[in-house]
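Structure assessment
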Amino acid sequence: AVVKAFTRLREAGNDEYLIRAVVPSVDDSEYQFLQSLVDEMHDSSTDTNFRKALTGAYGVYIANNYFVDLDINREMKELQRIQDYSISLGIKHVVLSCAEDTRPFVGKRRDVLFWQKTAPGGRDPTHFCPPYDAKGAAADGFATTVPTTKLYPAFNVDLFLSYMNPIEENGKGYTLLLPVSRKVKIPVVTSDDIGSMACAIFQDPQRVGVTVGVKSDELTGVEMAALFSQVFNVPVEFKNVSYEEFSHSGLPGAAAISNMLRFIAHDEKYALRRRQPPGLKSLMQHMSPLATFQSWVQDNEEDIRAKYFGAAGELGELEELAENTTYHDDGSVATKVHHDVEGGEVEWV
């Protein structure tokens, strides 16, 4: 997304930047589309290659994806390697896509014992929200050693292409299940808007040492369901489940997603404020206008329709969760879920 943003900048007449892309493997078909957009392609498979990729660079944009393998230790190791090279090579400006380390926030809460420790497989049970915690801890290290702008993206809508999709319920329409109440506004962002913001930050050296948020839109689960219904012309209903129930749904990364949304919901005003930078219009004046959730759904309509609205039953875990969820008149929710505890199957309500 950052590469595309710089490409649009070039097309507008600003060609002062040389663009390098650093990917796990230049031979991987997943990254071939970058060949025509960048000046150089480098792989990060060895320290020699990685050092060469960063040598002589003015700035580095860093986006590390926890959901690739759900391994927070791998993510923190990679971020440390980039920090070490940024120091030794004298990088002038790092833009780090990151988030708050949730541990200081959650640790002070009265309900801290109810927050599930979410790291998969017991590899690191000390983090409440691995996608946030690793980047938050790394950001503090970068900020004290390298000229850094912390970029706080909102909840990435790309998760709706993999985990958060509406599911079909016995031919009676679709349900969007999220572990938030009907009234909570969720700040969301598209990958393209993250790229545009990062590109804009690089053009403004005064943003070094500053934390900048970015969000494309903010809306409730009810509003999201209504937009899916409108675009795909099918009935889509929003239903909320508890954080614990969503965490045990069986989806990869479900516990981490649950606590990401929980962190947002517990201080909605804070989450919205931190992802709405001051001076947004002036910062983004040379970039594309920010998207809306509706425009993102419409732009991705073909992919979403093919993946979800034409292929029912692919995510049985969420379907089972929907079938076993009861919504009471007083607004409370009860879900019957089976999960393993120390080798024995336990029914948990």
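An account of the accompanying structure is given in this report. In this text the structure is predicted, and so the values were computed from the model without any measurement. (Residues numbered from 1 in each chain as written. Predicted model: local features only at pLDDT ≥ 70, side-chain atom pairs only at ≥ 80, totals over all residues. Heavy atoms only, no water.)

Let us now look at the overall build of the protein. Broken down by element type, the protein carries 14 helices and 16 strands. By the burial criterion, 50% of the 349 residues in the protein qualify as buried. Counting only contacts in the protein whose residues sit at least 6 apart along the sequence, the fraction spanning at least 24 positions is 73%. About 16800 Å² of surface is accessible on the protein, with carbon and sulfur atoms providing 49% of the total. (Helix = DSSP H or I, 4+ residues; strand = E, 2+ residues; numbered from the N terminus. Buried < 20%, exposed > 50% of the residue type's maximum accessible area, 1.4 Å probe, protein only. Contact = heavy atoms within 4.5 Å. Areas by Shrake-Rupley, 256 points an atom, 1.4 Å probe, with all protein chains shown as cover.)

The strand order across the open sheet formed by 3 strands is β7-β8-β12, and the pairing between neighbours is mixed. Of all the strands in the sheet, just β7 (167–168) and β12 (236–240) have a single pairing partner and so form its edges. Where β7 lies against strand β8 (residues 174–178), 2 bridges are found, and the strand directions are antiparallel. The partner of glutamate 168 across the bridge, within β8, is tyrosine 174. (Pairing = 2+ DSSP bridges.)

Moving on to unusual backbone geometry. Located in the positive-phi region is leucine 70, a residue other than glycine, with phi close to 60 degrees. Relative to the assigned elements, leucine 70 resides in the loop between β3 (59–62) and α3 (72–88). Residue classification places leucine 70 among the buried residues on the basis of a relative accessible area of 16%. Despite not being glycine, asparagine 233 shows a phi value in the positive range, around 55 degrees. By the secondary structure assignment, asparagine 233 is in the loop between α7 (221–232) and β12.

With that out of the way, let us pick up the pattern of salt bridges. All chains considered together, the criterion is met by 12 salt bridges. Between aspartate 69 and arginine 74 there is a salt bridge whose closest N-O contact spans 2.8 Å. A relative accessible area of 18% places arginine 74 in the buried class. Several salt bridges share partner residues, and in doing so they unite Asp69, Arg74 and Glu78 into one network. (Salt bridge = Lys/Arg side-chain N within 4 Å of Asp/Glu carboxyl O.)

A few words on the sheet that holds strand β11 (residues 217–219). Across the sheet, 3 strands lie side by side as β6-β9-β11; this open sheet has mixed pairing. Edge strands, defined here as strands with exactly one partner in the open sheet, are β6 (155–156) and β11. Lying on the sheet, α7 is in contact with β9 (186–189) and β11; it crosses β11 at an angle near 105 degrees. (Axes fitted to C-alpha atoms, helices over the stretch in contact; angles between N-to-C directions.)

Okay, the pairing of β3 next. Here β3 shows a clear split, with Val60 and Ile62 buried on one side and none of Gly59 and Tyr61 buried on the other. For β3 and strand β4 (residues 93–97), the ladder comprises 4 bridges, and the chain directions are parallel. Directly across from tyrosine 61, in β4, lies its bridge partner valine 95. Handedness of the β-α-β unit built from β3, α3 and β4 comes out right-handed. (Right-handed = clockwise from strand over helix to strand, strands pointing away.)

This paragraph deals with the packing of aromatic side chains. All told, the structure shown has 9 aromatic pairs when counted by the stated rule. With centroids separated by 6.3 Å and ring planes inclined at 25 degrees, the aromatic side chains of phenylalanine 228 and phenylalanine 232 adopt a geometry described as stacked. Linking phenylalanine 228 with phenylalanine 232, this pair stays in helix α7, spanning 4 residues, or about one helical turn. In this structure, phenylalanine 228 and phenylalanine 232 share a single accessibility class: buried. Aromatic rings pair up to connect Phe160, Phe228, Phe232, Phe293 and Trp296 into one cluster. When the ring centre of phenylalanine 50 is taken as origin, the NZ or CZ atom of arginine 81, which lies over that ring, is 4.3 Å away. (Phe/Tyr/Trp six-rings, centres within 6.5 Å; stacked < 30°, edge-to-face > 60°. Lys NZ or Arg CZ within 6 Å of the ring centre and 35° of its normal.)

On to helix α2 (residues 47–54), then. Side chains three or four residues apart in an α-helix point the same way, a direct result of the helix having 3.6 residues per turn. Of all the residues in α2, the buried ones are Phe50, Ala53 and Leu54. Viewed along the axis of α2, the buried residues span an arc of 90 degrees, placing them on a single side of the element. Along α2, exposed side chains directed more than 90 degrees from the buried face belong to Thr48 and Lys52. Where the residues of α2 are buried, they touch β1 (20–23), β2 (40–43), β3 and α3. Two residues or fewer past α2, glycine 56 is found with a positive phi of approximately 85 degrees. (Arc of directions from axis to C-beta.)

Quick look at the environment of lysine 150 now. Tracing the backbone through its elements, the reader meets lysine 150 in strand β5 (residues 148–153). Between the C-alpha atoms of lysine 150 and glycine 209, which are 59 residues apart in sequence, the distance is 7.6 Å. With sequence-adjacent residues up to four places away left out, lysine 150 is seen in contact with Leu96, Cys98, Ala139, Asp140, Ala143, Val210, Thr211 and Val212. A polar contact is formed between the side chain of lysine 150 and the side chain of aspartate 140, at a distance of 3.2 Å. (Polar contact = N/O pair within 3.5 Å; in protein donor to acceptor, adjacent residues only side chain to side chain.)

This part is about α3. For α3, with 17 residues, the first-to-last C-alpha span of 25 Å sits near the 24 Å given by 1.5 Å per residue. Considered for burial, the residues of α3 that qualify are Ile72, Arg74, Glu75, Leu79, Ile82, Gln83, Tyr85 and Ser86. In this structure, the buried residues of α3 make contact with α2, β3, β4 and α5 (130–145). Its side-chain oxygen at 3.0 Å from the backbone nitrogen of asparagine 73, aspartate 71 defines the N-terminal cap of α3. Downstream of α3 by a residue or two, glycine 90 has a phi angle that is positive, lying close to 70 degrees. (Expected span 1.5 Å × (residues − 1).)

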